[in-house]
Amino acid sequence: MSAHAAPPPFDRDKALIDVARVIVASALTIGSVLLTAFGFVERVVGIDKIASDRRFALLALMPGAAALAFLASGRALGALYDVSVPARNIPAWRRAFLRFVDISGAYGLFAIVISGLVAVASFLAIALLLDLRLMVLSTLSGLLAFCVALSGMLMRYSPRRRLIDFALAVSILCAMAIDQFY
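Because the structure is predicted, anything quoted here is derived from the model rather than measured.

Draft legend 1. Representation of the overall build of the chain. Along the chain, the regular secondary structure elements total 7 helices and 0 strands. Helices and strands appear in the chain in the N-to-C order α-α-α-α-α-α-α. In terms of principal-axis extent, the alpha carbons of the chain reach across some 70 × 50 × 30 Å. Considering the chain as a whole, with its 182 residues, one finds that 37% of them fall into the buried category. Carbon and sulfur atoms provide 73% of the accessible area of the chain, an area that totals close to 10800 Å². Within the chain, one finds 17 positive and 11 negative side-chain charges whose respective centroids are separated by 6 Å.

Draft legend 2. Just the nonpolar core, in detail. Counting residues in each nonpolar core, the largest one holds 39 residues, and the members touching the most others are Phe38, Ile50, Leu77, Val118 and Leu168. Contributions of two or more residues to this core are made by α1 (12-45), α2 (47-52), α3 (62-84), α5 (106-129), α6 (135-154) and α7 (159-181). In terms of residue count, α3 provides more of this core than any other element does, 9 residues in total.

Draft legend 3. Structural detail: the packing of aromatic side chains. Summed over the entire model, instances satisfying the criterion amount to 1 aromatic pair. Ring geometry for Tyr81 versus Tyr107: centroids 4.9 Å apart, planes at 45°, classification tilted. Within this pair, whereas Tyr81 is found in helix α3, its partner Tyr107 is found in helix α5, the two being separated by 26 residues in sequence. Of the two residues, Tyr81 and Tyr107, both sit in the buried class.

Thresholds applied
Residues numbered from 1 in each chain as written. Predicted model: local features only at pLDDT ≥ 70, side-chain atom pairs only at ≥ 80, totals over all residues. Heavy atoms only, no water. Helix = DSSP H or I, 4+ residues; strand = E, 2+ residues; numbered from the N terminus. Buried < 20%, exposed > 50% of the residue type's maximum accessible area, 1.4 Å probe, protein only. Areas by Shrake-Rupley, 256 points an atom, 1.4 Å probe, with all protein chains shown as cover. Lys, Arg positive; Asp, Glu negative; His and termini not counted. Charge placed at Lys NZ, Arg CZ, Asp CG, Glu CD. Core = buried A, V, L, I, M, F, W, Y, C linked by side-chain atoms within 4.5 Å. Phe/Tyr/Trp six-rings, centres within 6.5 Å; stacked < 30°, edge-to-face > 60°.

What follows is the structure, encoded as structure tokens:
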């Protein structure tokens, strides 16, 4: 007999669940810290000055980075749900409703909170890009970001869902890049 025991078999699903948990926790933390720090500095400096003064250009990136972090957290939580709960052979709207009320409504509440954070951070990123001139467009972008984030958490994985999430992330990145070079 050998003195060395054979290593335990690798459980891929458990490893993916652990990675998703780490992503959810770290992305929520990073997004919260960025949005909170932005709020503190905004109180001292003022939103008008942040939007118009180029000295605060890096500060104006914080809401966009927070939106991306919250979006990553929501996607990881949705993936965690997909791995943990088997697919049901029911219509998509019913599946979304059942996911929303799962865990006595806690998953739905968490989905609304994360989607709201994505919306607020996206609203701020677009408002700063537009130097606070077109608040209607900023509000619409925040509402669209909310809908994309919420549907991403309530629907199972599909190539269309991934494309919509990718489009939202690219639009936030473009807004951040344009704001830096404009």
